[in-house]
Amino acid sequence: MTSSRMVEFRANGRSARGYLSLPKKPGPGIVVVQEWWGLVDHIKELADRFAAEGFVALAPDLYNGEKTKSPDEAGKMLMALNIGEAAKDMKGAADYLHALDHVQPKTVGILGFCMGGQLALYAATEFPEQFSAGVDFYGIHPNAQIDPARLKVPILAHFAKQDHNVPEASARALVESIETSGKSIEAHFYDADHAFFNDSRPEVYDPEAASLAWTRTLDFLNRHLR
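### So, the nonpolar core
In a soluble, globular protein the nonpolar side chains are often hidden away together inside. By size, the foremost hydrophobic cluster in this structure holds 49 residues, and its most contacted members are L20, L97, I110 and L119. Sorting elements by how many residues they give to this core places helix α3 (residues 83–99) first, with eight residues. Among residues more than four places away in sequence, those in contact with L20 are S3, S4, R5, V7, V56, A57, L58, Y96, L97 and L100. In terms of nonpolar packing, the next biggest core, distinct from the first, is built from 37 residues, W37, L39, A195 and A213 among them.

Dropping the structure here:
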């Protein structure tokens, strides 16, 4: 049985908070990055799912306690997010996991959804010493620009063909830019809508696509973190 709690960790000289979920036995670490809604129950439940699969999961609270169910409010919070500070939080979360005795081997991945997908890709690019792999679920954030030439760790990406937030053409251009730079990316495109993995949103949730993406994600993380 897993155990979970809110924890505090250092993020470049300041204190940050996050939701930590521990597996029964030691395992590799994974930083789970929130969607634009904030650190909501869905993200905490995902951290618990990763813990049930043997990963030490930490979901940093990038909004410092704020969260919303309103798309308009979520959009404002996304655009107001300071990318530099968010990067410090993600790096601090990785450092916290590396220091935990429960994290064995000393490898940490990063994974995110929607806004968090782009931030996970950004962090994996910026902090290759902290992260050994990254997973991007239909990432979007206009202020978190990626320099593919700087990418040093393997990436797994999941995109949706019916996604109006991240059009398929834009997603394929991102994948091509990473491949052209000679970097490692495994990308999958699903006949689904944006946020197809979010089972708390029945209007977009696609059980078949979500199940396949979950299986692929676990396989990828087990290959690169264990």
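### Concerning the pairing of strand β5 (residues 103–113)
The buried count for β5 comes to eight of eleven residues, which makes it a mostly enclosed element. Across six bridges, the pairing between strand β3 (residues 27–33) and β5 is parallel. What sits directly across from G29, in β5, is V108. Of the strand pairs in this sheet, β5 and strand β6 (residues 133–137) are connected by five bridges, and their pairing is parallel. Note on β6: the bridge partner recorded for G112 is D136. Taken together, β5, helix α4 (residues 115–126) and β6 constitute a β-α-β crossover, and its handedness is right-handed.

### Notes on the packing of aromatic side chains
Under the defined criterion, the tally for this structure stands at twelve aromatic pairs. Here the aromatic rings of F50 and F55 are separated by 6.2 Å at their centres, their planes lie at 85 degrees, and the arrangement is edge-to-face. This pair shows no difference in class: F50 is buried, exactly as F55 is. Put simply, the rings of F50, F55, F113, F137, Y138, Y190, F196, F197 and W214 touch in pairs and so form one group of aromatic residues. Positioned above the aromatic ring of F55 is the side chain of R226, whose terminal nitrogen or guanidinium carbon lies 4.7 Å from the ring centre.

### Some points on the side chain of T107
Along the chain, the position of T107 falls in strand β5. Engagement of the side chain of T107 in a polar contact is seen with the backbone oxygen of L225, the distance being 2.5 Å. Those residues in contact with T107 that sit more than four places away from it in its chain are P28, G29, H98, S132 and L225.

### What about unusual backbone geometry?
Between Q104 and P105 the backbone carries a cis peptide bond, its omega angle lying at 0 degrees. Here Y138, not a glycine, exhibits a phi torsion of approximately 40 degrees, which is positive. Along the chain, Y138 falls in the loop between β6 and β7 (155–160). Y138 gets classed as buried once you look at its relative accessible area, which sits at 0%. For A195, which is not a glycine, the phi torsion comes out positive at approximately 70 degrees. Summarising the element assignment, A195 is placed in the loop between β8 (185–190) and α6 (207–225).

### A short note on the pairing of β3
With seven of seven residues buried, β3 lies mostly within the body of the structure. As paired elements, β3 and strand β4 (residues 56–60) share three bridges and run parallel to each other. Note that in β4 the partner of V31 across the bridge is L58. Crossover handedness for the path β3 to helix α1 (residues 41–52) to β4: right-handed.

### Some words on α6
In a regular helix each residue adds 1.5 Å, so 19 residues correspond to 27 Å; α6 covers 26 Å between its end C-alpha atoms and thus fits that length. Considered for burial, the residues of α6 that qualify are A209, A210, A213, W214, T217, L218, F220, L221 and L225. Buried residues along α6 cover an arc of 165 degrees about the axis, so they all sit on one side. The inward-facing, buried residues of α6 contact β3, α1, β5, β6, β7 and β8. Of the residues flanking the start of α6, the one acting as N-cap is D206, its side-chain oxygen 3.2 Å from the backbone nitrogen of E208.

### Overview of the environment of A144
Note that A144 resides in the loop between β6 and β7. Considered as a pair, A144 and Q118 are 26 residues apart in the sequence and their alpha carbons are 6.9 Å apart. Excluding its chain neighbours within four sequence positions, the residues that come into contact with A144 are I83, Q118, L119 and Y122.

Rules and cut-offs
Residues numbered from 1 in each chain as written. Predicted model: local features only at pLDDT ≥ 70, side-chain atom pairs only at ≥ 80, totals over all residues. Heavy atoms only, no water. Core = buried A, V, L, I, M, F, W, Y, C linked by side-chain atoms within 4.5 Å. Buried < 20%, exposed > 50% of the residue type's maximum accessible area, 1.4 Å probe, protein only. Helix = DSSP H or I, 4+ residues; strand = E, 2+ residues; numbered from the N terminus. Contact = heavy atoms within 4.5 Å. Pairing = 2+ DSSP bridges. Right-handed = clockwise from strand over helix to strand, strands pointing away. Phe/Tyr/Trp six-rings, centres within 6.5 Å; stacked < 30°, edge-to-face > 60°. Lys NZ or Arg CZ within 6 Å of the ring centre and 35° of its normal. Polar contact = N/O pair within 3.5 Å; in protein donor to acceptor, adjacent residues only side chain to side chain. Expected span 1.5 Å × (residues − 1). Arc of directions from axis to C-beta.

Bear in mind that shape data such as this cannot, by itself, settle questions of function.
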